Amino acid sequence: YISGDLTFFSFASPDKSAGGFPIGISGIKPVIKGSTAGIGFDLKITLADIAALPNATFGLAVVGDITMTNGRPDWGNPRLEVDSISVKGPLGPLDINGYVKFFDKDATYGNGVKGALEAKLDLGVNKIVITSHIMFGHTSFNYWYADLSYLTSIGTPIVPPVSMFGLGGGIY
């Protein structure tokens, strides 16, 4: 049972690690969905001690079902929910930015997972961007899609003066 006007959270402990990888917690927020309540946070994992590799962030929440008994909250069914996983940063000559997001009981898409990955390569004068999206899910039927696009700042000559600066497509 918690009451009061303001609540503040802070960290005053030494750096932590998981499996030997340094971690940090940020974005602490309350999570309330119907009769489920808890606390959500972002868990950032440093994958390497060098700046040439990306970092990963997990969107997590510790939640439980809540009912009111005699005017007081009654908690049950505690669990850890994974909302999303993202990766961002350099990977050798590439700059990558990607995510996987899980959804459950969405009004439009039902239950499933969606994700995207963008890779940028800067070759000085020529810049290349490759982007891909995926989605898998289930409502009253199973569905999926995937797409991929490629863009470049310097076109590939087809027939002068026509050049191709990108290509994209998808399947579902």
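Residues numbered from 1 in each chain as written. Predicted model: local features only at pLDDT ≥ 70, side-chain atom pairs only at ≥ 80, totals over all residues. Heavy atoms only, no water.

(A) Quick look at the pattern of salt bridges. A full pass over the atoms with the stated rule returns six salt bridges. The partner of K33 in a salt bridge is E81, with the nearest N and O atoms 3.3 Å apart. Residue K33 is located in strand 2 (residues 21–33), and its partner E81 is located in strand 5 (residues 72–91); the two are separated by 48 residues in the primary sequence. The exposure class assigned to K33 is partly exposed, which follows from its relative accessible area of 49%. (Salt bridge = Lys/Arg side-chain N within 4 Å of Asp/Glu carboxyl O. Helix = DSSP H or I, 4+ residues; strand = E, 2+ residues; numbered from the N terminus. Buried < 20%, exposed > 50% of the residue type's maximum accessible area, 1.4 Å probe, protein only.)

(B) Structural view of the sheet that holds strand 3 (residues 36–46). Spatially, 1-2-3-4-5-6-7-8-9-10 is the arrangement adopted by the ten strands of the open sheet, whose pairing is antiparallel. Strand pairing shows two members of the sheet lacking a second neighbour, strand 1 (16–18) and strand 10 (162–171), which therefore form its edges. Neighbour to neighbour, the strand axes of the sheet diverge by 20 degrees on average, direction disregarded. Where strand 4 (residues 55–69) lies against strand 5, 14 bridges are found, and the strand directions are antiparallel. Looking across to strand 5, one finds that G59 is bridged to S84. (Pairing = 2+ DSSP bridges. Axes fitted to C-alpha atoms, helices over the stretch in contact; angles between N-to-C directions.)

(C) Highlighting the side chain of N126. Residue position: N126 is located in strand 8 (residues 126–138). Judged by relative accessible area, N126 falls into the buried class, the value being 19%. Polar contacts involving the side chain of N126 include one to the side chain of S153, which spans 3.3 Å. Reaching out from N126, the side chain makes a polar contact with the backbone nitrogen of I154 at a distance of 3.3 Å. If sequence neighbours within four positions are ignored, N126 has contacts with L121, T152, S153 and I154. (Polar contact = N/O pair within 3.5 Å; in protein donor to acceptor, adjacent residues only side chain to side chain. Contact = heavy atoms within 4.5 Å.)

(D) Structural detail: unusual backbone geometry. A cis amide bond links P160 with the next residue in sequence, P161, at an omega value of 5 degrees. With respect to the element layout, P161 can be found in the loop between strand 9 (142–159) and strand 10. One non-glycine residue, N77, lies in the positive phi region at around 55 degrees. Locating N77 in the fold gives a position in strand 5. Judged by relative accessible area, N77 falls into the partly exposed class, the value being 46%. In this structure, K105 is a non-glycine residue whose phi angle is positive, near 60 degrees. Structurally, the position occupied by K105 is in strand 6 (residues 94–106). With relative accessibility at 72%, the residue K105 sits in the exposed group.

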